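Report on the structure
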Amino acid sequence: MPRYALKVEYHGAPFVGWQRQKTHVSVQGQIEAALAKLEPGNHTIGAAGRTDSGVHAWGQVAHCDLAKDWDPFKLSGALNYHLKPDPISIVACAEVNDDWHARFSALERRYEFRLLMRRPPATHDAGLVWQVPHLLDVNAMQAGAQHLLGLHDFTTFRSSICQAQSPLKTLDELKVRQIDGPSGPEIRFTVRARSFLHNQVRSFVGTLGSVGSGAWTPDDVKSALQAQDRQACGPVSPPHGLYLAHVTYPEDVFKNGPV
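Now for a look at the structure at hand. As the structure is a computational prediction, the values presented were derived from the model and not from experiment.

1. Some remarks on the overall build of the chain
Looking only at helices and strands, the chain features 5 helices and 10 strands. Compactness check: the chain gives a C-alpha radius of gyration of 19 Å against a globular reference of 18 Å for 259 residues, within 12% of the reference. Considering only C-alpha atoms, the chain reaches an extent of 60 × 40 × 35 Å along its principal axes. When burial is assessed residue by residue, the chain has 51% of its 259 residues classed as buried. Intrachain contacts of the chain at a sequence separation of at least 6 include 72% that bridge at least 24 residues. Of the roughly 12,400 Å² that the chain leaves accessible, carbon and sulfur atoms contribute 50%. Side-chain charges of the chain comprise 26 positive and 25 negative groups, with the mean position of each set lying 3 Å from the other.

Okay, here's the thing in structure tokens:
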């Protein structure tokens, strides 16, 4: 059975997250339903990461096994046709080896988080950013972020329902910068690691938001990390500013670009 890699973009608002659920609409479930319209039967796809309810993706990656040989261009077009009107798009497709796996072959995940700083309600970016009504101190936030880089026990910044066997993770990048966004000044967080704990990125962002507002100092982030206690975490940011932006593999299977 040929295996295909899919690069998936989606707006997370209508879904309970990536993972299939029996009684709720998920991204995985909708793609599997679209596959069943192309090849009748049950389909199970694997993904690089299980995003939570309301979280978006620019570069989620999944793989599927099909019975017939599909031209990748035609497969992506057929899937996009059957995914309408859901806000899910297959933006690239490639045939891969049988042992290639969207999750286990991945070397790194990159998330981006958008925080909009303005008082008037967002219109075009509603549901796509976390909005705060005042400016934050981006330099203080970056100073706090520096304490989180490297290998640490991230118990403080993991959900109480996290199923990972260990809280030890290596954080490769946590960049905080201010940009001129389409709706006003934004703070963009870029977070890179091989893998993440449940709610880890949102816990980082919410905690650093407290630093930016002056409620925490940058060194308070270090103290929270060292406490290895979930109760020491700052507030957790809402999901709708978070995007799974990119997944890195030993070889770029989508090197020919979008389809």
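2. A few points about the nonpolar core
Counting residues in each nonpolar core, the largest one holds 75 residues, and the members touching the most others are Ile31, Leu148, Leu171, Ile187 and Phe189. Per-element accounting of this core gives the leading share, 6 residues, to strand S4 (residues 88-96). In this structure, leucine 148 is in contact with Phe154, Phe157, Leu171, Leu174, Phe204, Val221 and Leu225, ignoring residues within four places of it in sequence.

3. What about the environment of glycine 77?
By the element assignment, glycine 77 lies in helix H2 (residues 72-83). According to the relative accessible area criterion, glycine 77 is partly exposed, its value standing at 39%. Taking the C-alpha atoms as reference points, glycine 77 and glycine 59, separated by 18 residues in sequence, lie 17 Å from one another.

4. As for a negative patch on the surface
Taken together, the side chains of Asp69, Glu95, Asp98 and Asp99 define an acidic patch exposed on the protein surface. Here aspartate 69 shows up in the loop between strand S3 (56-65) and H2. When its relative accessible area of 63% is taken as the criterion, aspartate 69 is described as exposed.

5. Observations regarding helix H4 (residues 200-213)
Its 14 residues place the ends of H4 20 Å apart at the C-alpha level, agreeing with the 20 Å of an ideal helix rising 1.5 Å per residue. With respect to burial, H4 is a largely interior element, 13 of its 14 residues being buried. Two residues or fewer past H4, glycine 214 is found with a positive phi of approximately 95°.

Cut-off values and rules
Residues numbered from 1 in each chain as written. Predicted model: local features only at pLDDT ≥ 70, side-chain atom pairs only at ≥ 80, totals over all residues. Heavy atoms only, no water. Helix = DSSP H or I, 4+ residues; strand = E, 2+ residues; numbered from the N terminus. Rg over C-alpha atoms; globule rule 2.2 N^0.38 Å. Buried < 20%, exposed > 50% of the residue type's maximum accessible area, 1.4 Å probe, protein only. Contact = heavy atoms within 4.5 Å. Areas by Shrake-Rupley, 256 points an atom, 1.4 Å probe, with all protein chains shown as cover. Lys, Arg positive; Asp, Glu negative; His and termini not counted. Charge placed at Lys NZ, Arg CZ, Asp CG, Glu CD. Core = buried A, V, L, I, M, F, W, Y, C linked by side-chain atoms within 4.5 Å. Patch = residues over 30% accessible without salt bridge, like charges linked within 9 Å, V, L, I, M, F, W, Y side chains within 5 Å. Salt bridge = Lys/Arg side-chain N within 4 Å of Asp/Glu carboxyl O. Expected span 1.5 Å × (residues − 1).

Remember that the coordinates give geometry; whether it matters functionally is a separate question.
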